[in-house]
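# Inside the fold
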Amino acid sequence: MRCTTPASLGAVALLLATGCDYTGDWLFAGEVEGVPGVWHLEDQEQRLIEPRIIESYEELQEATIYAEVGPSGTTELGGVTLEFLGTGGDICVWVDPETVWWNQAVNPAPVGPAEPWTYPDNIYDDGDLDLYVGLSVYYTGSPGERLGDFVVSYEDSLGNEVPIQLAECRNVGQQEGIDAHAGRAMPEWCNIRDTQPGISYTAVLQTFSTPLDDDRLGFGVIVAEGACEDLRSLAGGAGFAATPYRLEECVIMGESMVPQKNDHGPWYGRSAITAWGESEAFEAHFCSDKNMRSYCRKEADEKLVSGGPGCSWELEPGENDRCYCGDETDTPQGGAF
């Protein structure tokens, strides 16, 4: 016979009183007031987004649509959708989430391509959006209410349900030939070849993560006629680096925006938004061939050594304590776990 002690009876009573949370909601960030986790993007006239003809870097900046998205607040997927009509030619959808990110190189004597990345990035101000584009007729979500995908299924002769991915383009990662998303804070783009004229397409900007410092993910998105390589070339022609990995960050600039209370956008064109003071200089330095350590050392000297307010990484920062590089003391040391 097993005895039940008063202590165990108390534990049972506590469980009965409080219940158990099986939803998993506590694992996810809560909603942000005024910044919805799921919404649908339209143009100024509340119509479908019209693909733009872009012939200069200035036109590219003014064709960019800026906005914010927050956490869904639940286990449901969050993100932003938009629709556009095919033109009969190629269309590029390009999205850049806040801000930039790199893997820190921890070799004590780095050489070659690892050397510029020896200072840690500030991971708290970065978010990530995964881009999908397909014909609207295949989209399984409900714009502005529930995020979906472009996966449909059919039943084969044996009665098995077979899923089919009907997205119009492959996901582009940092390694050529790999079908994968680009990763934290990195731009993603989609080339839709020979679009069907007058037929609706849906682009899904699925929220993979929001910035840990404020859970408001700023982003810029462009829908342009032609190939995405044309947009990259315009950024290169504006004087930025020719290295594709870095150059891609300068196609869209300014997506790290000063938050507006109860306003998540959209804002149309670079002139319509206010970016954090140093964010564009940080991005420009990143997408050039310059060493990130030199930028980060300068930032540390100005914010820490000079006796300034220091850096706020984990919590929502203001203008004076916002830092784009991370804490160098977080660098892993040899023999450490």
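Refer to the structure printed above.
Reading the values: rules and limits
Residues numbered from 1 in each chain as written. Predicted model: local features only at pLDDT ≥ 70, side-chain atom pairs only at ≥ 80, totals over all residues. Heavy atoms only, no water. Buried < 20%, exposed > 50% of the residue type's maximum accessible area, 1.4 Å probe, protein only. Helix = DSSP H or I, 4+ residues; strand = E, 2+ residues; numbered from the N terminus. Arc of directions from axis to C-beta. Core = buried A, V, L, I, M, F, W, Y, C linked by side-chain atoms within 4.5 Å. Contact = heavy atoms within 4.5 Å. Pairing = 2+ DSSP bridges. Axes fitted to C-alpha atoms, helices over the stretch in contact; angles between N-to-C directions. Disulfide = S-S within 2.5 Å.

## Digging into helix H5 (residues 279-286)
For H5, the complete set of buried residues consists of Ser 279, Phe 282, Glu 283, His 285 and Phe 286. Here the buried residues of H5 occupy an arc of 160° about the axis, which is enough to place them on one side.

## Some details on the nonpolar core
Grouped together as the largest cluster of nonpolar side chains are 26 residues, with contacts concentrated most on Phe 84, Val 93, Leu 205, Phe 219 and Val 221. When contributions to this core are tallied by element, the ones reaching two or more residues are strand E1 (38-41), strand E2 (65-69), strand E3 (79-85), strand E4 (91-97), strand E5 (128-135), strand E8 (188-192), strand E9 (200-209) and strand E10 (217-225). Ignoring any residue separated from it by four or fewer positions in sequence, one finds Val 93 in contact with Phe 84, Leu 131, Val 133, Glu 188, Trp 189, Cys 190, Ile 192, Ala 203, Val 221, Ile 222, Val 223 and Cys 228. The next biggest cluster of nonpolar side chains, apart from the first, holds 24 residues, and it includes Ala 63, Cys 92, Leu 231 and Ala 275.

## Considering the sheet that holds E9
With respect to topology, 4 strands assemble into an open sheet ordered E1-E3-E9-E5, the strand pairing being mixed. For this open sheet the edge positions go to E1 and E5, each flanked by a neighbour on one side alone. On average, each strand axis in the sheet is tilted by 20° relative to the strand beside it, whichever way the strands run.

## A closer look at the sheet that holds E8
Sheets are built from strands paired through backbone hydrogen bonds, the pairs being either parallel or antiparallel. Ordered by their spatial adjacency, 5 strands build an open sheet running E8-E4-E10-E2-E11, and the pairing between neighbours is antiparallel. Each edge of the sheet is formed by a strand with only one pairing partner; in this case those strands are E8 and strand E11 (267-268). Sheet strands touched by helix H3 (residues 228-237): E4, E8 and E10. Its angle to E4, the strand with the most contacts, is close to 55°.

## A few points about the state of the cysteines
Summed over the entire model, instances satisfying the criterion amount to 5 disulfides. Cys 169 shares a disulfide with Cys 190; S-S distance 1.7 Å. Torsion about the S-S bond of the Cys 169 and Cys 190 cystine: about -120°, corresponding to left-handed handedness. Of this pair, Cys 169 sits in the loop between strand E7 (161-165) and E8 while Cys 190 sits in strand E8, and the two are 21 residues apart along the sequence.

## Observations concerning H3
For H3, every residue scored as buried is listed here: Cys 228, Leu 231, Arg 232, Leu 234 and Ala 235. Taken around the axis of H3, the buried residues stretch over an arc of 155°, which confines them to a single face. Those residues of H3 hidden inside the fold are in contact with helix H2 (57-63), E4, E8, E10 and helix H4 (244-247). Just beyond H3, the residue with positive phi is Gly 239, at close to 105°.

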